[in-house]
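Breakdown of the fold
Residues per chain, in single letters:
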Amino acid sequence: MIEKINLFELGLKKDTLDLFNEEYNGNYLGRVTLEHKHTYRIMTENGEVLGRVSGKLNYEANGTQDYPAVGDWVAIDRDSDKHGEAIIHKILPRKSSLSRKVAGNRADEQIIAANVDTVFICMALNKDFNIRRLERYISVVWESGAIPSIILTKSDLCEDIDLSVAQVEEVAIGIEIHVVCALEKEGVDEIAEVIGHNDTVTFIGSSGIGKSTLINALLGEEKMLVNDIRESDHKGKHTTTHRELVKLTDGGVVIDTPGMRELQIYSVDFDASFKDIEELASKCRFVDCKHKTEPNCAVKSAINDGTLSKERLKSYEKLKRELKIIENKKKLAEKRAEKKSNLKKLSRK
């Protein structure tokens, strides 16, 4: 007899199960653990199956965001592949969705990981240390609906850890900060303690900053391939080449993701990630204040008295400009999708 798999140990939440039982009766519940080109690895109560999307789901998709992603809970027609691949009929509503813009000029959304509780933003304490890049990651994670947490890796390569942590604290408002050296397993237990038995977490950051080494330390085995960073420029290779959901030894699951050379924003939560600037801007004399030459500008005053750095304001304004460009592209894409949908309706008449 096959032993049943406890889906709660794979991050299933009660409200998700209740929704499935109420609206998807007659299907089987599974979680996407690996995404291939046209097929998906799905874990069910009875084990692992391969699946592909139904013709209807494929027909109704308007972009990559409408297809299953690693971490998604899906309704499928079988929990065994003895008689062929499972068919994915529905993607259950996502509790959180960590995403970025796809590469190139398109405004499509690429889902990095779905239904994540905590996103650990990793940054190495070496020459790759970059506060402006960290601000970008924080903005994207807050927007996802997940809780951000920061891990400063490779602490053995940092001459002044306290200074680096202080710099991070200035931009990571209300976010936990952890300092680790995964090779020596320093700080790893602290990370393990904050991951609950029912939690789904993921680690994001640049290539070669120690994500795979850290996950191996949490797993207690060398499951993830590890590459060293280059000494010449302190940049790493993409050790992880695909997204995969893996169960942790002490409970919880982790979605391992490839390192990113850059994170192109798709949507940003400025209220959370730049709370300090947003609050200052609300005190400016003019609602549409550009923080340049306007009188009674609270943002300029904060810069003059040293409570806000010019660099942080520049980072904020840069992200605002990027988001405006993306939103314009989204509007064009929506118009094209609407036109495509209307053509489909006409073709059926």
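Here's the deal with the pattern of salt bridges
Taken as a whole and judged by the stated rule, the model has 16 salt bridges. A salt bridge links K14 to D18; the nearest nitrogen and oxygen atoms lie 2.8 Å apart. Here D18 and K14 lie together in helix α1 (residues 14–23), a separation of four residues that amounts to about one turn. Residue classification places K14 among the exposed residues on the basis of a relative accessible area of 57%. Residue class for D18 comes out partly exposed when judged on its relative accessible area of 35%. Of the charged contacts, one joins E85 and R52 as a salt bridge, the two residues approaching to 3.2 Å between their closest N and O atoms. Separated by 33 residues along the polypeptide, E85 in the loop between β4 (73–76) and β5 (86–91) and R52 in strand β3 (residues 47–53) bring together distant segments of the chain. Residue E85 is classed as partly exposed on the basis of its relative accessible area of 31%. Of the residues examined, R52 reaches a relative accessible area of 40% and is grouped as partly exposed. Members of the salt-bridge network, linked through shared partners, are R132, E135, D276 and R312.

Here we look at the packing of aromatic side chains
For the coordinates displayed, the defined rule picks out five aromatic pairs. When the centroid spacing of 5.0 Å and the interplanar angle of 20 degrees are considered together, the rings of F120 and F203 count as stacked. Of the two residues, F120 sits in strand β8 (residues 118–124) while F203 sits in strand β11 (residues 200–204), which places them 83 residues apart along the sequence. Considered together, F120 and F203 belong to a single accessibility category, that of buried residues. Three or more aromatic residues joined by ring pairs make a cluster, and in this case those are F270, F274 and Y316. The ring of F270 is capped by K320, whose NZ or CZ atom sits 4.5 Å from the centre of that ring.

Procedures and definitions
- Residues numbered from 1 in each chain as written.
- Predicted model: local features only at pLDDT ≥ 70, side-chain atom pairs only at ≥ 80, totals over all residues.
- Heavy atoms only, no water.
- Salt bridge = Lys/Arg side-chain N within 4 Å of Asp/Glu carboxyl O.
- Helix = DSSP H or I, 4+ residues; strand = E, 2+ residues; numbered from the N terminus.
- Buried < 20%, exposed > 50% of the residue type's maximum accessible area, 1.4 Å probe, protein only.
- Phe/Tyr/Trp six-rings, centres within 6.5 Å; stacked < 30°, edge-to-face > 60°.
- Lys NZ or Arg CZ within 6 Å of the ring centre and 35° of its normal.

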